Amino acid sequence: MPNATVCLPTYNERGNLEPMLRALAPLGVRVLVIDDNSPDGTGELADRLAEELDFVSVLHRAQKEGLGPAYLAGFRRALADGADYVLEVDCDFSHDPADIPRLIAACDDGADLALGSRYVPGGGTENWGIARRIVSWGGSFYARAMLGVSIRDLTGGFKCFRRVVLETVDLDAIESKGYAFQIETTYRALRKGFRVVEVPIRFVDRTEGQSKMSRAIFLEAVWKVPLLRLRALAGRV
Ligand SMILES: Nc1nc2c(ncn2[C@@H]2O[C@H](COP(=O)(O)OP(=O)(O)O)[C@@H](O)[C@H]2O)c(=O)[nH]1
Ligand SMILES: [Mg+2]
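Conventions adopted
Residues numbered from 1 in each chain as written. Chains lettered and ligands numbered in written order. Predicted model: local features only at pLDDT ≥ 70, side-chain atom pairs only at ≥ 80, totals over all residues. Heavy atoms only, no water. Near = heavy atom within 4 Å. Polar contact = N/O pair within 3.5 Å; in protein donor to acceptor, adjacent residues only side chain to side chain. Areas by Shrake-Rupley, 256 points an atom, 1.4 Å probe, with all protein chains shown as cover. Helix = DSSP H or I, 4+ residues; strand = E, 2+ residues; numbered from the N terminus. Salt bridge = Lys/Arg side-chain N within 4 Å of Asp/Glu carboxyl O. Buried < 20%, exposed > 50% of the residue type's maximum accessible area, 1.4 Å probe, protein only. Pairing = 2+ DSSP bridges. Axes fitted to C-alpha atoms, helices over the stretch in contact; angles between N-to-C directions. Contact = heavy atoms within 4.5 Å. Core = buried A, V, L, I, M, F, W, Y, C linked by side-chain atoms within 4.5 Å.

Colleague: Hey, could you run me through the site of ligand 1 in this one?
Modeller: Neighbouring residues of ligand 1: 18 residues in total, closest E13, D36, Y179, S211 and K212. In this structure, an oxygen atom belonging to ligand 1 sits 2.9 Å away from a main-chain N or O atom of G66. At 3.1 Å, a side-chain N or O of R132 approaches an oxygen atom of ligand 1. Computed on the free molecule, ligand 1 has an accessible area of 570 Å², of which 94% lies beneath the protein chains in the complex. Secondary structure elements with two or more residues in the shell around ligand 1: β1 (4-10) and α3 (67-80).

Colleague: What is the right way to look at the pattern of salt bridges in this model?
Modeller: Throughout the structure, instances matching the rule amount to 14 salt bridges. Across the pair R76 and D172 runs a salt bridge, and its minimum N-O distance is 2.7 Å. Of this pair, R76 sits in helix α3 while D172 sits in the loop between α6 (163-168) and α7 (179-191); the two residues are 96 residues apart in sequence, bridging distant segments of the chain. Using a relative accessible area of 38% as the deciding quantity, one classes R76 as partly exposed. For D172, a relative accessible area of 64% puts it in the exposed group. When the shortest N-O distance is used, the salt bridge between R118 and D153 registers 2.8 Å. On the criterion of sequence distance, the pair formed by R118 in the loop between β5 (113-117) and β6 (124-126) and D153 in the loop between α5 (130-147) and β7 (159-162) is long-range, its members being 35 residues apart. For R118, a relative accessible area of 6% translates into the label buried. By relative accessible area, which is 2% here, D153 ends up buried. Overlapping salt bridges bring together E13, D92, R206 and K212 as one network.

Colleague: Help me understand the sheet that holds strand β2 (residues 30-35), please; the structure alone is not making it clear to me.
Modeller: Hydrogen bonds along the backbone pair up the strands of a sheet, which may run parallel or antiparallel. Taken in spatial order, the seven strands make up an open sheet running β3-β2-β1-β4-β7-β5-β8, and their pairing is mixed. Across the chains shown, the open sheet's two edge strands, defined by having one partner strand only, are β3 (56-60) and β8 (196-200). Within this sheet the neighbouring strands show an average axis-to-axis angle of 20 degrees, counted without direction. Strand direction decides the pairing type here: β1 and strand β4 (residues 85-88), joined by four bridges, are parallel. The residue of β4 that forms the bridge with T5 is V86. The sheet contacts of α7 involve β4, β5, β7 and β8, and relative to β7 the element is tilted by about 35 degrees.

Colleague: So what exactly am I meant to see when it comes to the nonpolar core here?
Modeller: The nonpolar side chains of a soluble globular protein tend to be buried with one another. In terms of nonpolar packing, the biggest core is built from 37 residues, with F75, V86, L147, L166, L171, I183 and Y187 touching the most fellow members. Taken together, the elements giving at least two residues each to this core come down to β2, α3, β5, α5, α6, α7 and α8 (215-233). A per-element tally of this core places α3 first, with six residues.

Here's what the structure looks like:
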């Protein structure tokens, strides 16, 4: 098994965390839980589980700032700890832990960034309402058209980065917090000439806990995407 760290951001995932860690255990990866001081006690639970499970460590952050800053903190820690592959996985079972070896295999086969993709043949979403489907597919379509790239699923958050990608992309310049963060990291990797590959996945809606998707997260993506393109045209991305 390669030297891979799964970054697992949590905010109020009390009911999901333990089953998620148990599902990750057989994969031979390291797991870094990144908790933003969840009011439901997910952070304390993570500490208890980390004592029992030696592949788990926990990064505590003082407050909720969105997925982007949580992941950036996680990436930096994973790189400092020597990970060759750094993964993003949601802690709500929308991303099937059993798909992780396929993402890693795509990188072993030459991808620099492997994306779990809902919008390539073989991929899809399950138990999502029509509104959420339209927003998600529309968001990827909008970003693809605006940025002029061929990636079908730009907003997904199930990814495996080869270490060099995170070392090369200017992480300090990334301020996006929500879906825009997913679009931006993939776009910056493409701009640096890295090979990005889409691996089909079935995305399943969560059954436990609540989504943190908000109007603000949606709107951020709407205005950040053209800004990103303008910055790229100015040679700054
Ligand atoms: N640390 C941290 N985790 C977050 C934050 N927002 C969302 N998450 C986690 O990121 C993952 C995906 O979030 P979710 O709300 O399910 O987004 P959705 O799948 O787009 O509805 C889950 O594991 C959340 O607990 C945040 O601000 N900080
Ligand atoms: Mg989710």
